[in-house]
Amino acid sequence: SALVSLAGGSAIFQILRGTDRNNEHMTVVRQVESAGYWLSRDAQQAYSVNITPQSPNFLILKWTEWQTGSGNITSFDHTATYSFDNLTGGIAKLRRTHSSNGTSQKTLVAEYIYYAPGDINTTKAVSYERPLLTVRVTSRFGDAQQTREYKIRHRP
């Protein structure tokens, strides 16, 4: 009876431990995918890409949206600024500040994003050679880590 209880307890412990690892893995995958979605969305439209590696605002993207109506053409200038926030132990939140014609809106893009200024493999490893923007995003949570490199082409 004691051996069966010990084996059952051990099995339950392994299941719970596996569930925690799986949850951590899914968390980091979702964060990396969210960052990739927002970065791709803005970078595809951008006519101006400004990388500022020494600033918390590590990436600034600008584009213009044109609308026609009632025989008039109206332009809306957009700026998306990506920055790291609440940096603790090499982990930060990735925020996007979108400004357009005098209004500004902040969005939490992703959490648990790895950022260490001295590490060349950090999320801040960004390069731009027109028309290709390359951004490496790493998310860490618990024992899980996920890294993806996004290569985003400007839409003509």
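Please refer to the structure placed before this passage.
Residues numbered from 1 in each chain as written. Predicted model: local features only at pLDDT ≥ 70, side-chain atom pairs only at ≥ 80, totals over all residues. Heavy atoms only, no water.

**What about the packing of aromatic side chains?**
Move 1: Counted by the stated rule, this structure contains four aromatic pairs.
Move 2: With a centroid separation of 4.9 Å and an interplanar angle of 20°, the aromatic rings of Phe58 and Phe84 are classed as stacked. Placement of Phe58 in strand E2 (residues 57-69) and of Phe84 in strand E3 (residues 72-88) is noted, with a sequence separation of 26 residues between them. You'll find Phe58 and Phe84 in the same group, each marked buried.
Move 3: Each ring, one from Phe84 and one from Tyr115, has its centre 4.4 Å from the other, and the planes form 10°; the classification is stacked. Note that Phe84 is positioned in strand E3 and Tyr115 in the loop between strand E5 (103-114) and strand E6 (126-129), a separation of 31 residues in sequence.
Move 4: Taking relative accessible area as the criterion, Tyr115 reaches 11% and is therefore assigned buried.
Move 5: An aromatic cluster is defined as three or more aromatic residues linked by ring pairs; in this entry it consists of Phe58, Phe84 and Tyr115.
Move 6: Looking at Arg140, its charged tip hangs above the ring of Tyr114, at a distance of 3.9 Å from the centre. (Phe/Tyr/Trp six-rings, centres within 6.5 Å; stacked < 30°, edge-to-face > 60°. Helix = DSSP H or I, 4+ residues; strand = E, 2+ residues; numbered from the N terminus. Buried < 20%, exposed > 50% of the residue type's maximum accessible area, 1.4 Å probe, protein only. Lys NZ or Arg CZ within 6 Å of the ring centre and 35° of its normal.)

**Section: the nonpolar core**
Move 1: Counting 26 residues, the largest nonpolar core has Leu59, Leu61, Tyr82, Leu94, Leu133 and Val137 as the members making the most contacts within it.
Move 2: Counting only elements with at least two residues in this core, the list comes to helix H1 (2-45), E2, E3, strand E4 (91-100), E5, strand E7 (132-141) and strand E8 (144-153).
Move 3: For this core, the element with the highest residue contribution is H1, accounting for five residues.
Move 4: With residues up to four places along the chain from it excluded, the contact list for Leu133 reads Ala43, Val49, Ile51, Leu59, Val126, Ser127, Tyr128, Tyr150, Lys151 and Ile152. (Core = buried A, V, L, I, M, F, W, Y, C linked by side-chain atoms within 4.5 Å. Contact = heavy atoms within 4.5 Å.)

**Some points on unusual backbone geometry**
If a residue is not glycine, its phi is most likely negative; likewise, a peptide bond is most likely trans.
Move 1: A cis amide bond links Arg130 with the next residue in sequence, Pro131, at an omega value of 10°.
Move 2: By the element assignment, Pro131 lies in the loop between E6 and E7.
Move 3: Despite not being glycine, Asn86 shows a phi value in the positive range, around 55°.
Move 4: Here Asn86 shows up in strand E3.
Move 5: You can call Asn86 partly exposed: its relative accessible area is 48%.
Move 6: A positive phi angle, close to 45°, is found at Asn101, a residue other than glycine.
Move 7: Considering the arrangement of structural elements, one finds Asn101 in the loop between E4 and E5.

**Observations regarding the environment of Glu129**
Move 1: By the secondary structure assignment, Glu129 is in strand E6.
Move 2: On a C-alpha basis, the gap between Glu129 and Val49 in space is 9.7 Å, while along the polypeptide they are 80 residues apart.

**Side note on the side chain of Asp42**
Move 1: Locating Asp42 in the fold gives a position in helix H1.
Move 2: Apart from the residues within four sequence positions on either side, Asp42 is in contact with Leu61, Trp63, Ala80, Tyr82 and Arg96.

**Quick look at the pairing of E2**
Move 1: In this structure, strand E1 (residues 48-51) lies alongside E2, joined through four bridges in antiparallel fashion. From the neighbouring strand, Ile51 faces E2, where its bridge partner is Leu59.
Move 2: The antiparallel hairpin formed by E2 and E3 contains two residues in its connecting segment, where Ser70 sits at a positive phi of about 55°. (Pairing = 2+ DSSP bridges.)

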